[in-house]
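Summary of structural features
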Amino acid sequence: MTNDSVPMMKMLPGDEVRQIMWRYANRFDMQMAVMGTRSVARGLIARLVANGERNTHAWTDAKNEMYWAFDVSGVTAAGLDMEFGGIIEGPRNLALALIAFELAWVDGGATTTSLVNNLALGPIVEKGTPEQREKYMRACAPAQPGEDRKVWRGAFALTEPLPYVGVDTGMLSGRLTVAEWKDGEEPMLQVEKRGRFITNMGVADFVTAAVDTADPRIKSSCMVILEEGDEGVYDRGAPTLKMVHQLSNTHDPIFNLKIPASRIIGGYTIRDGVIVPNLTHSEIIEAVFARTRVTVGIMTAAKLLSAIEPIIRYQRNRFRGASGIEAGSPRYDLGLQMKEDSLHRLADVWATGEAATSLGFETARWFDLLTPVETEAHRIFAEHGIKGRALMKALRKPQADAIELLGLLKDGGRASSRAARIAELQADPLVQYVWLSAIANVLCPACKLWDTGYGATMLREAVSMMGGYGITEDCPGFLFQKWTDAQLEATYEGPEVVQRRQISVTMNNEVFLAQVDMWIAELNALATTKPETGAEALVAGLELWRWMRTWLDTAKDANGRPLSQNTRHGVLYPMADAIAWLLAARSFLSDVQELAAKGAEHPVIGPEIDGYINTFTDLSAVQNARAAGEVGRICAEIFYGYARRNEMTPRYRMDVKDTDINIREHSCHALTGEYVAFQTLHNAIGMSLAGTRLAKDRAAQAITQVMIPEALDYPTG
């Protein structure tokens, strides 16, 4: 039973709550960007969907209006540097994630149409020469009053029309050769490139394309900038006949163009008559995809949270108007919410959406912290001529120092001697660089993997809760379209296997593992002071995952094969899934604690803060329990699954009579220390779940009481 005297959330969280949870309450520029984006999403874009514009592959005049709307609302400018027409001061990863969230709340294709211009600029912004950065960002900036010029749109062409496109970004068939090279003049290059599934290609004025060398006078692969006015073939190609994301234009283009060598992104040098690009295409892509995957994960997360209100409305209205259902009766007021199953399932969807969103925004914030530090670190490396193998050597001490820093922070750092050392380490840009990059390199693929992968599964659950209404074109909230769109988002910028591969490598970084130890210490303290948060479940899950990761270093299967080798995807990829579950749940809990710490001071939400905190805490506890349970299952399958039967574990036979279960040992081998350690940690997960189902009951009751508007704030059909 639930306690009716405990305050619960009275209405779904609004901007005041979200600004605190997602850490932009003091950023007026981001708040304005959010409001401008929302006006476009719930106005023009919602009308496009409601009017059936998703039902055609053609790029219509109505769809094309989105570009104008993005320009006038500030969406386009949010991706640009301030000096070139931007509106966001400093790093803008969080700002772009917030914009993606607002657009995806209504439609994923429209979100892609907005974000792909940033993706096209990404190689130029991250690695371009100063001249390249200025030219193309100024060209993409919205026209100001009195200006008479066309605003450029861009596209990003990485993959080729190969089988299983997008699986391996190293497979390039685009070719770069020298077309002309006259003495004393800039080389002219010939680019042959066929793109596949290239978004924005229907309108793109320029394309950033990955190509490989096909000429001994060009040393390596690189990325180049192609413009529509270049000499040769700039064929946009046929529209891709997508079943989803129809509010983005996607084509299979063909290029055969002559361009100056100055279009090589990042520049080049000439050595012994050979053009040497300063950066290979892989180096550029690594810098770009490290950040842009976050917004894709946010897109699916937004869909989940946008589903909560339509489902509540459907459940409550389900029986209204039927014969014998009188106004004021429980069946009239609650409808399907009279039944526990519908409420528990919705609580799971809600908790998943919160965790997915929290993980995405936390990852964006890490990148905002990393960006200036990364710039300074690269300046130091360039100043000292450090690159290649020398770079790895130069980072050994900063890595050791970062591990020391995390150890001091974990232990509290209260003594003056520790405080001085902490301040010293925190002031070192290289220590900050290895620390922040180690965390971001795990969070980014984990966000993309969990948000779009598990998020798509839960969107299917959301659609199913709408009954037959869920698969109709006029389903409130466009839930069917959002579910199908999520299938594409799960493949954007690398499908699940690509993310799992990256996590399986980066999760072994000793700095990241030191951060995990610090998180465990923090969560242990929280579990002691606030056991209702379910933090104990996260501690148990993280401790088991941490132990398993160490155990795998030396573990072998029953055939003597090491379990930790790179090709053991059946081991490493599930471990990647496990840490993604834990990271998402931890991010949500962190956001709830941020709201608890600062919400009471807010003049609007302060009087209602207890209700928000109680319901969010219950939803967080539900997610913590699910994450810990998934980790327990995954680790048990690996620990026991690669051993021969009876090799490691005891066998028992149960004699059952009435309600008594008598267990007699049937056969038992000597219990190893590893077995005892695993059992202890695995059992701790089970015990840590105490009270989490009661939390789900309370969350379910809150769902029956939360107030929602009379109608959605955007068209539905």
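Residues numbered from 1 in each chain as written. Predicted model: local features only at pLDDT ≥ 70, side-chain atom pairs only at ≥ 80, totals over all residues. Heavy atoms only, no water.

**Re the overall build of the protein chain**
A tally of regular secondary structure across the protein chain gives 22 helices and twelve strands. On C-alpha atoms alone, the protein chain measures out to a radius of gyration of 27 Å, which is about the 27 Å that the 2.2 N^0.38 rule sets for 717 residues. With the principal axes as the frame, the protein chain shows a C-alpha extent of 95 × 70 × 55 Å. Of the roughly 30,500 Å² of accessible surface on the protein chain, 53% is carried by carbon and sulfur atoms. Looking at charge distribution, the protein chain has the averaged site of its 74 positive side-chain charges lying 4 Å from that of its 88 negative ones. (Helix = DSSP H or I, 4+ residues; strand = E, 2+ residues; numbered from the N terminus. Rg over C-alpha atoms; globule rule 2.2 N^0.38 Å. Areas by Shrake-Rupley, 256 points an atom, 1.4 Å probe, with all protein chains shown as cover. Lys, Arg positive; Asp, Glu negative; His and termini not counted. Charge placed at Lys NZ, Arg CZ, Asp CG, Glu CD.)

**A word on the packing of aromatic side chains**
Here the structure, examined in full by the defined rule, presents 28 aromatic pairs. When the ring of Phe-480 is compared with that of Trp-483, the centres are 5.8 Å apart and the planes differ by 80°; the resulting orientation is edge-to-face. Here Phe-480 pairs with Trp-483, and both are found in helix 15 (residues 479-489), just three residues apart, close to one helical turn. When its relative accessible area of 30% is taken as the criterion, Phe-480 is described as partly exposed. On the basis of relative accessible area, Trp-483 is assigned to the partly exposed category, the value being 24%. Summarising the aromatic geometry, the rings of Trp-547 and Phe-639 are spaced 5.9 Å apart at their centres and angled 55° between planes, so their arrangement reads as tilted. Note that Trp-547 is positioned in helix 18 (residues 535-552) and Phe-639 in helix 20 (residues 609-641), a separation of 92 residues in sequence. Residue classification places Trp-547 among the partly exposed positions, given a relative accessible area of 22%. For Phe-639, a relative accessible area of 2% puts it in the buried group. Cluster of aromatic residues (ring-pair linked, three or more members): Trp-547, Trp-551, Phe-639, Tyr-640, Tyr-675 and Phe-678. When the ring centre of Trp-519 is taken as origin, the NZ or CZ atom of Arg-586, which lies over that ring, is 4.3 Å away. (Phe/Tyr/Trp six-rings, centres within 6.5 Å; stacked < 30°, edge-to-face > 60°. Buried < 20%, exposed > 50% of the residue type's maximum accessible area, 1.4 Å probe, protein only. Lys NZ or Arg CZ within 6 Å of the ring centre and 35° of its normal.)

**Comments concerning helix 20**
With 33 residues, helix 20 ought to run about 48 Å at 1.5 Å a step, and its terminal C-alpha atoms sit 47 Å apart, in line with that. In terms of burial, helix 20 is a largely internal element, 25 of the 33 residues being buried. (Expected span 1.5 Å × (residues − 1).)

**Considering the nonpolar core**
Judged by nonpolar contacts, the single largest core of 171 residues is most densely connected at Ile-45, Phe-512, Trp-545, Met-548, Leu-595 and Phe-616. Sorting elements by how many residues they give to this core places helix 14 (residues 429-464) first, with 22 residues. If near-sequence neighbours (up to four positions away) are discounted, Trp-545 is found in contact with Met-507, Phe-512, Leu-513, Val-516, Met-575, Ala-578, Ile-579, Leu-582 and Val-631. Judged by nonpolar contacts, the second largest core, of 24 residues, contains Ala-120, Val-125, Tyr-136 and Val-288. (Core = buried A, V, L, I, M, F, W, Y, C linked by side-chain atoms within 4.5 Å. Contact = heavy atoms within 4.5 Å.)

**Structural notes on the layout of surface pockets**
Of the pockets and cavities examined, the second largest pocket occupies roughly 560 Å³. Mapped by element, the contributors of at least two residues to the lining of the second largest pocket are helix 1 (15-21), helix 2 (28-50), helix 4 (93-104), helix 7 (281-306), helix 8 (308-317) and helix 10 (340-383). Taken together, the residues of the lining of the second largest pocket break down into 17 nonpolar, two polar and eight charged. (1 Å grid on protein atoms, 1.4 Å probe; cavity = no way out; pocket = protein on both sides within 12 Å on 5 of 7 lines; lining within 4 Å. Points joined across faces, edges and corners; volume = space filled by probe spheres on them. Nonpolar A, V, L, I, M, F, W, Y, C, P; charged D, E, K, R; others polar.)

**Concerning the packing of helix 18 against helix 21 (residues 673-688)**
Helix-helix packing is described using two parameters, namely the angle between the two axes and the distance between the axes. Relative orientation of the contacting elements helix 18 and helix 21 amounts to 160°, with a least axis distance of 8 Å. Here helix 18 lies roughly antiparallel to helix 21, going by the angle between them. Read as a crossing pair, helix 18 and helix 21 show a hand that is left-handed. Facing Glu-536, Ala-537, Ala-540, Gly-541, Glu-543, Leu-544, Trp-547, Met-548 and Trp-551 of helix 18, the residues of helix 21 in contact are Glu-674, Ala-677, Phe-678, Leu-681, His-682, Ala-684, Ile-685 and Ser-688. (Axes fitted to C-alpha atoms, helices over the stretch in contact; angles between N-to-C directions. Parallel < 35°, antiparallel > 145°, perpendicular 65-115°, else oblique. Left-handed = near helix turned anticlockwise from the far one by under 90°.)

**Side note on the environment of Lys-482**
Within the fold, Lys-482 resides in helix 15. With 178 residues separating them in the primary sequence, Lys-482 and Leu-304 have C-alpha atoms 8.8 Å apart. Those residues in contact with Lys-482, other than ones at most four positions away along the chain, are Ala-104, Trp-105, Val-106, Lys-303, Ser-306, Leu-459, Gly-477 and Tyr-714. Side-chain polar atoms of Lys-482 contact the backbone oxygen of Gly-477, separated by 2.9 Å. (Polar contact = N/O pair within 3.5 Å; in protein donor to acceptor, adjacent residues only side chain to side chain.)

**A closer look at the environment of Glu-473**
Within the fold, Glu-473 resides in the loop between helix 14 and helix 15. Remark: the alpha-carbon pair of Glu-473 and Gly-52, spanning 421 residues in sequence, is separated by 8.6 Å. Every residue in contact with Glu-473, bar those within four places of it in the chain, is listed here: Gly-52, Asn-55 and Gln-481. Side chain to side chain, Glu-473 and Asn-55 meet in a polar contact 3.1 Å long.

**Quick word on the side chain of Thr-129**
With respect to the helices, strands and loops of the structure, Thr-129 is situated in the loop between helix 5 (108-127) and helix 6 (130-140). The buried category is assigned to Thr-129, whose relative accessible area is 17%. Other than its neighbours up to four places away in sequence, Thr-129 contacts Gly-266 and Gly-267.

**Focus on empty space enclosed by the protein**
For the structure on display, the rule yields three cavities of 30 Å³ or more. Roughly 110 Å³ of volume is contained in the largest cavity. The wall of the largest cavity is formed by Tyr-67, Phe-70, Val-75, Thr-76, Leu-80, Thr-113, Ser-114, Asn-117, Asn-118, Leu-121, Cys-140 and Arg-153. Sorting the residues of the lining of the largest cavity by element identifies helix 3 (61-73) and helix 5 as the ones contributing at least two each. Counting residues per element, the lining of the largest cavity draws most heavily on helix 5, which supplies five residues. Split into classes, the residues belonging to the lining of the largest cavity amount to six nonpolar, five polar and one charged.

**Focus: helix 14**
Here helix 14 contains 36 residues, and its C-alpha end-to-end distance of 50 Å stays within 8% of the 52 Å for a straight helix at 1.5 Å per residue. The sharpest bend along helix 14 comes to roughly 30°, located at Ala-456. Extensive coverage of helix 14 is indicated by the burial of 31 of its 36 residues. The backbone nitrogen of Leu-430 has a side-chain oxygen 2.9 Å away, supplied by the residue at the start of helix 14, namely Asp-428. (Bend = angle between axes of the 7 residues up to and from the residue.)

**Re the pattern of salt bridges**
In this structure the tally under the stated criterion is 48 salt bridges. Two residues, Glu-309 and Arg-313, come together in a salt bridge whose shortest N-O distance is 3.2 Å. Residue Glu-309 and its partner Arg-313 are located together in helix 8, separated by four residues, close to a single helical turn. Here Glu-309 falls in the buried class, since its relative accessible area comes to 15%. The exposure class of Arg-313 is buried, given its relative accessible area of 14%. In this structure, the salt-bridge partner of Arg-421 is Asp-401, at a minimum N-O distance of 3.7 Å. (Salt bridge = Lys/Arg side-chain N within 4 Å of Asp/Glu carboxyl O.)

**Notes on the environment of Glu-102**
Its place among the elements puts Glu-102 in helix 4. Look at Glu-102 and you get buried, because its relative accessible area is 5%. A polar atom in the side chain of Glu-102 sits 2.9 Å from the side chain of Arg-38.

**Comments concerning the pairing of strand 8 (residues 250-260)**
Taken residue by residue, a regular strand's side chains alternate between the two faces of the sheet. Extensive coverage of strand 8 is indicated by the burial of eight of its eleven residues. As judged from the seven bridges shared by strand 3 (residues 188-194) and strand 8, these two strands associate in the antiparallel manner. Each bridged residue has a counterpart across the sheet, and for Lys-193 the counterpart in strand 8 is Phe-255. Two elements, strand 4 (residues 198-199) and strand 8, share two bridges in a ladder whose sense is antiparallel. Each residue of the ladder has a partner; that of Ile-198, found in strand 8, is His-251. (Pairing = 2+ DSSP bridges.)

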